[in-house]
Amino acid sequence: MKSCVTVLLFNLIFFTSFAQTGTISGSVRFSDGKPVLHATVRINELKRLSVTNEKGFYEFKGIPYGTYEIEVSSIEIRKKMLRLELKEPHRNFHVTIDAKRDINLNEVVISKQSDKKEVETKGFAVNVIETERAALQSIQTNELLDRSAGVRIRQDGGLGSHIHYNINGLTGNAVRIFIDGVPVSNYGSSFSLNSLPPSLIERIEIYKGVVPAHLSEDALGGAINVVLKNRKRNSLTASYSYGSFNTHQWNASGSYRNDSTGFTVNASAFYNYSDNNYKVWGDDVTITNTDATITPIVARRFHDAYKSAGGRFDIGYTNVKWADNFSVGAIISGADKEVQHGTIMRVVYGNRTTDQQSAVTSLQYNKKDALFNGLDINVNGSYSFLNRGAVDTIGDKYSWNSTVIRTANGNVAQWASGAEQGVPSVSVNKEKNMVLRTNLDYAITDGNRIFVNVFYNNFERDNDNEMQPLAERQMINTRNLSKSVFGLTYENLAFNNKLRTNIFYKYFRQNHESIEPYWEGAQGTGTLRSATFERTADADGYGVALSYELFPKVFLMASGEKAVRMPEASELFGNDAENIVSSVNLEPERSHNANIGINLGPLKLGRSTLSLNSNFFLRETKDMIRLNEVDDLDQTNNYTNFNSIQSDGFDAELIYNYNRKLNVLFTVSKFNSKWNVQYDERGDPYLYYGSQLANEPNFKFNTTVSYYINDLFRKQSVASVNYNALYVNEFLRNFAGIGGRGLAYIPMQFVHDIGFTYTLPSRKITFGFDAKNIFNEQVFDNYALQKPGRAFYGKITYTLF
């Protein structure tokens, strides 16, 4: 009965929205004939927007026949209002307009609000970060994310250390990362958000809880989609930053397009290096004296250097008759990392290192109105090779004073295993990863669209360790994983476009296989055999997202989803470089998510504007996949399933702007994630029932203040002063009832940063200076791993054209 009602409602919405439609297209040009780039063309009655391209062209499709008011605006032109009647399948409508005499650079920020607003009012719980101003500072993309409502970036140390993304209590692979809708895992970890500078990014979309089907992955707790700048004109920009701990960061990007043929080239490159030799102190930072007594000290990290470099190159055609974008590309990147300690800081390393090299080939094609009007196609695929190694062959014990530990008779103390982590090894993981994704978007009628998304991923890993016996190395030692995702979405606009509805369905199927050799009996003298583990799982999910414009600039949003996430390769098969061992028996995560929120603004109050975006959520998760408690003996972790966790909370973002000079961003998030199992399998009371999930920062707020100064020192120059404060409340380090293993709680943290940027009148050169953690607070993260203290950085950005 419920299925019949659903089908009837679907058809009612579909057929009542049907109308005869046409296409409006044309150009916007100055009186001298030159095109107006990035002008906004708006159909006021339908609240539809189109932005002109580099040739001044715009287009609307699926517009019902009728008479409309057209509004044309941009920072370069005087706003113009026009009337238009559409009564035919295609109407050409060209606009000639006058330029403004004076342009205020600060207006650029306001003109781009429409992209942010459009994404944030589709019904999903989502925040949008725009990076134009931040690109001039010495800050990382992950720092921008950490300032957003509901997001916490968990980092194991300094530059290059492992990063966990946490969105309202769900972390790790429950939060998916995408670059232009493509999973970032396909690029290799050396080409990641940690190495992708804000200057290459247009905006960052943060989905909290319910994730739209077009991202084509099994995200459970949310997703972060980084939208790169779509450079359709010739450009070349480079920047260099130097700062504390001998940190160097360089990046460059450029593009070329032939307007007559559409031939397009995009390229970018980056280089990062840091000694990461910042000071650390606390309960785990000690030295062992010759009489076996232990003394706490303030020490410098001495074996934590990091270096990464990479480049990306795409070549193809854009805005041609047969394709909006067709490109083939390649990404090459690599990284080298010294390892200072294991999963906690108590055990110090002095020789262990890791490295990786990756190569990715890619193909992308997208076309609007492909085959017939209303059908948009987006296809991309990639194939990557990743070699990841870990070298650990010396068993000397080190102290935090950077010297080896000596016994009472003066000999160098040794680890019993012969290496710093486990047995001596020179391990190499060779990984191959293929990703194929197809998105189809069909506009059935005005206000009715269908999206079909297909995603396929095949992963293979071969393991080798030259320190193992030859017979063991010659045996098959592989791990394979394949995953398919199918998504179907129906979107409807009703009630004069005030109500937007997204109904979606997702299907997941995954198979993984592990073949590993083992010794039956003593190693080297027993019988060498191999064990095979194989498993196939499938599941489905579904949900709905609603957005309703209650009043102008006041939107109500609600969404709900039954979500599923399959275990990832790193969780199933482990990662030697990060001291994570395999857990091939993991179950898929399953959850029910609900979100409700409101989006206000920007509301004008005299010279001030005010915007608010808030979200409340409730989530119940079964078989949550999380890192287990740290093993103090061998310094390893593994992933496990937590049987039932219930989470609830809220987050909010408030933006205030005064006279386009003062901008204040305030974000806050609070959640509770508690064990929801009262009795164990034997019927006994469950030890952790009602307890807060450990190692989870569950309350934080952030304040960012920017003040812009025009004509400082020189006419047409632009300067800004920036201040950021991040507060993280204390949170439980280990589960209740487990004592004697370091801090019971990770203490409260309140970190303050300041910065200054100055752009010369030519707009080609910008200088930036940033001071981070200016009060040198002790900052912790995962299991009390200490992050850098006070640091200073300078940056110069040069735009050639």
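Preceding block: the structure.
Each chain has its residues counted from 1, running along the sequence as written. pLDDT decides what is reported in this predicted model: residues at 70 or higher carry local features, side-chain atom pairs at 80 or more are listed and counted, and totals for whole chains, interfaces and linings draw on all residues regardless. The side-chain figures draw on all heavy atoms in the structure; neither hydrogens nor water molecules are used.

(A) View of the overall build of the protein chain. Helix and strand counts for the protein chain come out as 6 helices and 44 strands. Across the protein chain, the fraction of contacts at a sequence separation of at least 24, relative to all contacts at a separation of at least 6, is 65%. In the structure as shown, the protein chain presents an accessible area of about 35,100 Å², 57% of it carried by carbon and sulfur atoms. Secondary structure elements follow DSSP: runs of H or I of four or more residues count as helices, runs of E of two or more count as strands, with numbering from the N terminus. In what follows, a contact means two residues having at least one pair of non-hydrogen atoms within 4.5 Å. Note on areas: these come from Shrake-Rupley sampling with a 1.4 Å probe, and a residue is covered only by the protein chains present in the view.

(B) Seen up close, the environment of D651. Here D651 is to be found in strand β36 (residues 637-658). Overall, D651 belongs to the buried group, its relative accessible area being 1%. Taking the C-alpha atoms as reference points, D651 and K700, 49 residues apart in sequence, are found 9.6 Å from one another. Excluding residues within four positions of it along the chain, D651 makes contact with A149, G150, N168, K208, N613, S614, N615, V668 and S669. Any pair of N or O atoms that falls within 3.5 Å is considered a polar contact. Within protein, one atom must be able to donate a hydrogen and the other to accept it, and sequence-neighbouring residues count only if both atoms are side-chain atoms. At a separation of 2.7 Å, a polar atom in the side chain of D651 contacts the side chain of K208. Throughout, exposure labels follow a simple rule: accessible area from a 1.4 Å probe, protein chains only, divided by the maximum for the residue type, with under 20% read as buried, over 50% as exposed, and the rest as partly exposed.

(C) Local environment of the pattern of salt bridges. Any Lys or Arg side-chain nitrogen located within 4 Å of an Asp or Glu carboxyl oxygen qualifies as a salt bridge. Tallying each qualifying case throughout the model produces 29 salt bridges. One salt bridge in this structure joins D392 and R352, with 3.1 Å as the shortest N-O distance. With D392 in strand β26 (residues 375-392) and R352 in the loop between β24 (323-338) and β25 (353-367), this residue pair connects regions lying 40 residues apart in the sequence. Neither D392 nor R352 differs from the other in exposure class; each is buried. Of the charged contacts, one joins R626 and E696 as a salt bridge, the two residues approaching to 2.2 Å between their closest N and O atoms. Taken as a pair, R626 in strand β35 (residues 608-627) and E696 in the loop between β37 (662-675) and β38 (699-710) lie far apart in primary sequence, 70 residues in all. Like R626, the residue E696 is buried in the burial classification. Each member of the salt-bridge network shares a partner with another, and the members are E59, K61 and D369.

(D) Layout of the packing of aromatic side chains. Aromatic pairing here means that ring centres of Phe, Tyr or Trp (its six-membered ring) are within 6.5 Å. Orientation follows from the plane angle: under 30 degrees is stacked, over 60 is edge-to-face, and everything else is tilted. Here the structure, examined in full by the defined rule, presents 18 aromatic pairs. Considering the side-chain rings of F769 and F792, the 6.4 Å spacing of their centres and the 15 degrees angle between planes classify their relative orientation as stacked. Placement of F769 in strand β43 (residues 765-772) and of F792 in strand β44 (residues 791-799) is noted, with a sequence separation of 23 residues between them. The rings of F666, F699, F701, Y727 and F750 are connected pair by pair, giving a single aromatic cluster. Cation over ring: K397 sits above W415, and NZ or CZ is 4.7 Å from the ring centre. Criterion for a charge above a ring: Arg CZ or Lys NZ at most 6 Å from the ring centre, at most 35 degrees from the ring normal. Looking at K772, its charged tip hangs above the ring of Y793, at a distance of 4.9 Å from the centre.

(E) Highlighting unusual backbone geometry. For the peptide bond that leads from G601 to P602, omega is 5 degrees, which places it in the cis range. Mapped onto the secondary structure, P602 falls in strand β34 (residues 589-605). With phi around 70 degrees, N497 is a residue other than glycine that occupies positive phi space. Summarising the element assignment, N497 is placed in the loop between β29 (478-494) and β30 (499-520).

(F) Layout of the sheet that holds strand β13 (residues 182-183). Strand order in this open sheet of 5 strands is β9-β14-β15-β12-β13, and the pairing throughout is mixed. In this open sheet, the two strands that pair with only one neighbour each are β9 (126-130) and β13. Pairing of strand β14 (residues 201-208) with strand β15 (residues 222-228), which is carried by 7 bridges, proceeds in the antiparallel orientation. Of the residues in β15, the one forming a bridge with R203 is V227. Any two strands with at least two DSSP bridges between them are considered paired.

(G) Inspection of the sheet that holds strand β3 (residues 48-51) at higher detail. The strand order β3-β2-β5-β6 describes an open sheet built from 4 strands, whose pairing is antiparallel. Bordering the open sheet on either side are β3 and β6 (80-86), each of which pairs with just one other strand. Each adjacent strand pair in this sheet contributes to an overall mean axis angle of 25 degrees, direction not counted. Lines fitted to C-alpha atoms define the axes, with helix axes restricted to the stretch in contact, and inter-axis angles between N-to-C directions lie between 0 and 180 degrees.

(H) Expanded view of the pairing of strand β5 (residues 66-73). With 4 bridges joining them, strand β2 (residues 40-43) and β5 adopt antiparallel strand pairing. Directly across from V41, in β5, lies its bridge partner V72. Where β5 and β6 come together, 7 bridges link them in antiparallel fashion. When the bridges of β6 are listed, V72 appears paired with K80.

(I) Highlighting the environment of F302. Of note, F302 is situated in the loop between β22 (299-300) and β23 (306-320). For F302, a relative accessible area of 26% gives the class partly exposed. For the pair formed by F302 and S402, sequence separation is 100 residues and the distance between their alpha carbons is 6.1 Å. The residues touching F302, leaving out its near neighbours within four places in the chain, are E338, Q340, V348, Y349, G350, Y398, S399, W400 and S402.

(J) Structural detail: a nonpolar patch on the surface. Each patch is assembled from residues with relative accessible area greater than 30% and no salt bridge, linking like charges that lie within 9 Å and nonpolar side chains (Val, Leu, Ile, Met, Phe, Trp, Tyr) that lie within 5 Å. A cluster of nonpolar side chains, Y240, Y242, W250, Y271, F767 and I796, forms an exposed patch at the surface whose accessible area comes to about 550 Å². Inspection of the secondary structure puts I796 in strand β44. I796 sits in the partly exposed class, given a relative accessible area of 35%.

(K) Quick look at the environment of Y505. Turning to its location among the elements, Y505 is positioned in strand β30. On the accessibility criterion, Y505 (31% relative accessible area) is partly exposed. Sequence-wise, Y505 and V452 are 53 residues apart; in three dimensions their C-alpha atoms are separated by 9.9 Å. Leave out the neighbours within four places in its chain, and Y505 touches F486, G487, L488, D540, G541 and Y542. In terms of polar contacts, Y505 uses its side chain to reach the side chain of D540, at 3.4 Å.

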